[in-house]
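Given next are the chains, with one letter for each unit.
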Amino acid sequence: MFYYVLKYVILGPLLRLLFRPRIEGLEHIPEDGAAIVAGNHLSFSDHFLMPAIIKRRITFLAKAEYFTGPGLKGRLTAAFFRSAGQIPVDRSGKDAGQAAIREGLGVLGKGELLGIYPEGTRSHDGRLYKGKVGVAVMALKARAPVVPCAMVGTFEIQPPGRVVPRIKQVTIRFGQPLDFSRYAGMEDQKAAIRAVTDEIMYAILGLSGQEYVDEYAAKVKAEQAEQAKKFPKRRR
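Quick caveat, the model's predicted, so the values are computed rather than measured. (Residues numbered from 1 in each chain as written. Predicted model: local features only at pLDDT ≥ 70, side-chain atom pairs only at ≥ 80, totals over all residues. Heavy atoms only, no water.)

Quick question: what am I supposed to make of the overall build of the protein here?
Check the secondary structure of the protein and you find 8 helices and 9 strands. Against the compact-globule benchmark of 18 Å for 236 residues, the protein has a radius of gyration of 18 Å, which places it among compact chains. Only carbon and sulfur atoms are counted for the fraction: they give 56% of the accessible area of the protein, which is about 12,700 Å². Within the protein, the 23 negative side-chain charges are centred at a point lying 9 Å from the centre of the 36 positive side-chain charges. (Helix = DSSP H or I, 4+ residues; strand = E, 2+ residues; numbered from the N terminus. Rg over C-alpha atoms; globule rule 2.2 N^0.38 Å. Areas by Shrake-Rupley, 256 points an atom, 1.4 Å probe, with all protein chains shown as cover. Lys, Arg positive; Asp, Glu negative; His and termini not counted. Charge placed at Lys NZ, Arg CZ, Asp CG, Glu CD.)

Before we go on, may I ask you to explain helix α7 (residues 190–208) in this structure?
Helical periodicity: at 3.6 residues per turn, an α-helix aligns residues three or four positions apart in one direction. Compared with an ideal rise of 1.5 Å per residue, which puts 19 residues at 27 Å, α7 spans 27 Å between its outermost C-alpha atoms and is within 8% of the ideal. Among the residues making up α7, those that are buried are Ala192, Ile193, Arg194, Val196, Thr197, Ile200, Met201, Ala203, Ile204, Leu207 and Ser208. Residue Gly209 follows α7 closely and has a positive phi angle near 70°. (Expected span 1.5 Å × (residues − 1). Buried < 20%, exposed > 50% of the residue type's maximum accessible area, 1.4 Å probe, protein only.)

How should the sheet that holds strand β1 (residues 22–24) be read in this particular structure?
The strands that make up a sheet pair up through hydrogen bonds in the backbone, lying either parallel or antiparallel. With mixed pairing, the 7 strands of this open sheet are ordered in space as β1-β8-β7-β2-β5-β3-β4. Each edge of the open sheet carries a strand with a single partner, namely β1 and β4 (86–89). Each strand axis lies, on average, 25° off the axis of its neighbour in the sheet, ignoring direction. As defined by bridge partners, strand β2 (residues 35–39) adjoins strand β5 (residues 113–116) across 4 bridges and the pair is classed as parallel. From the neighbouring strand, Ile36 faces β5, where its bridge partner is Leu114. Packing against the sheet, helix α5 (residues 134–142) makes contact with β2, β3 (58–63), β5 and β7 (146–152), and its axis sits at approximately 165° to β2. (Pairing = 2+ DSSP bridges. Axes fitted to C-alpha atoms, helices over the stretch in contact; angles between N-to-C directions. Contact = heavy atoms within 4.5 Å.)

Would you mind going over the pairing of strand β8 (residues 171–174) with me for this structure?
Put simply, side chains in a regular strand alternate between the two faces of the sheet. Sheet analysis places β1 next to β8, joined by 3 bridges and oriented parallel. From the neighbouring strand, Glu24 faces β8, where its bridge partner is Arg173. As judged from the 4 bridges shared by β7 and β8, these two strands associate in the antiparallel manner. Looking at β8, one finds that Ala150 is bridged to Arg173.

Hey, could you run me through unusual backbone geometry in this one?
Glycine aside, residues mostly have negative phi, and peptide bonds are mostly found in the trans state. Even without a glycine there, the phi angle at Arg20 is positive, about 40°. As for its placement among the helices and strands, Arg20 is situated in the loop between α1 (2–19) and β1. A relative accessible area of 45% places Arg20 in the partly exposed class.

Looking at this structure, how should I read the side chain of Asn40?
Secondary-structure assignment places Asn40 in the loop between β2 and α2 (46–53). Judged by its relative accessible area of 0%, Asn40 falls in the buried class. In terms of polar contacts, Asn40 uses its side chain to reach the backbone amide nitrogen of Met151, at 2.7 Å. Looking at Asn40, its side chain comes within polar contact range of the side chain of Gln210, at 2.9 Å. Once you skip the residues sitting within four places of it in the chain, Asn40 turns out to touch Asp46, Tyr117, Glu119, Leu128, Cys149, Ala150, Met151, Ile204, Ser208 and Gln210. (Polar contact = N/O pair within 3.5 Å; in protein donor to acceptor, adjacent residues only side chain to side chain.)

What is the right way to read the packing of aromatic side chains from this model?
Note on aromatic pairs: each is described by the distance of the centres and the angle between the planes. Taken as a whole and assessed by the stated rule, the structure comprises 3 aromatic pairs. Taking the centre distance of 6.5 Å and the plane angle of 50° together, the rings of Phe180 and Tyr183 count as tilted. Among the residues examined, Phe180 registers a relative accessible area of 5% and is labelled buried. (Phe/Tyr/Trp six-rings, centres within 6.5 Å; stacked < 30°, edge-to-face > 60°.)

What is the right way to read the pattern of salt bridges from this model?
Under the defined criterion, the tally for this structure stands at 7 salt bridges. Between Arg182 and Glu199 there is a salt bridge whose closest N-O contact spans 2.6 Å. Taken together, the residues Arg182 in the loop between β8 and α7 and Glu199 in helix α7 connect sequence positions 17 residues apart. In this structure, Asp198 and Arg194 form a salt bridge, with 3.1 Å as the shortest nitrogen-oxygen distance. (Salt bridge = Lys/Arg side-chain N within 4 Å of Asp/Glu carboxyl O.)

What's the story with the packing of α5 against α7 in this structure? I'm lost.
Geometrically, a packed helix pair is captured by the angle between its two axes and the distance between the axes. For the pair α5 and α7, the least separation of the axes is 8 Å and the interaxial angle reads 105°. By the angle between their axes, α5 is roughly perpendicular relative to α7. Residues Val135, Ala136, Val137 and Leu140 of α5 form the contact with α7, whose participating residues are Ile193, Val196, Thr197 and Ile200. Across the contact of α5 with α7, the residue classes break down as 7 nonpolar, 1 polar and no charged. (Parallel < 35°, antiparallel > 145°, perpendicular 65-115°, else oblique. Nonpolar A, V, L, I, M, F, W, Y, C, P; charged D, E, K, R; others polar.)

Would you mind showing me how to read the nonpolar core here?
Among the nonpolar cores identified, the biggest contains 30 residues, and Ile36, Met138, Val146, Phe180 and Ile200 are the most heavily contacted of them. Put simply, the parts of the chain that give this core at least two residues each are β2, β4, α4 (96–109), β5, α5 and α7. Discounting chain neighbours no more than four positions away, the residues touching Val146 are Ile36, Ala38, Ala139, Gln176, Pro177, Leu178, Phe180 and Ile200. Counting residues in hydrophobic clusters, the runner-up holds 29 residues, among them Leu6, Phe67, Cys149 and Ile172. (Core = buried A, V, L, I, M, F, W, Y, C linked by side-chain atoms within 4.5 Å.)

Below, the structure written as structure tokens:
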């Protein structure tokens, strides 16, 4: 119940008023049945802007850290994310990917919309990074269409480190649903799930116009952080 109050009474109208999102291709979201909305991830604001303009309820897989903060602030944050339709997923450990897939398939199994960011993390520089294959495994196992989505302008309104977003118009684009029925029964074949993932990322790229990097964002972030430790900027 609170999800719809948040969407239609509190947060949704406020976001529409402040950011005046330009929406393209909303008709590509299926009116019913299981489907995956796979998008790029440029900003913390993405979590709220996309769900605010989709008519159906959409559930996202979110990192568990949003639900485990200490104190009153942590409890309020966790309650807010649950109310906003987010499911916590522990991204640490070797079984993290399987846990995310189980949660996602649970949503799709109920005939609902699942939102996912195939890059696995926010882009730290505005570029589009290589997608992780979990989205392909879920699409094939659930036999669900994948709707590519591109957030345009959200990196500029809230880049990494910025708490309060700038008030500026953004664009949200949805592409034609992608049908992967030709790969039915191949969700355990590495070549197949890589091909499906790459097709999804190519569709997102076509909508967003970003520069593409054929590496995982988390790996690039870690390498840059390591370089920063080795060669810290000299204080003037």
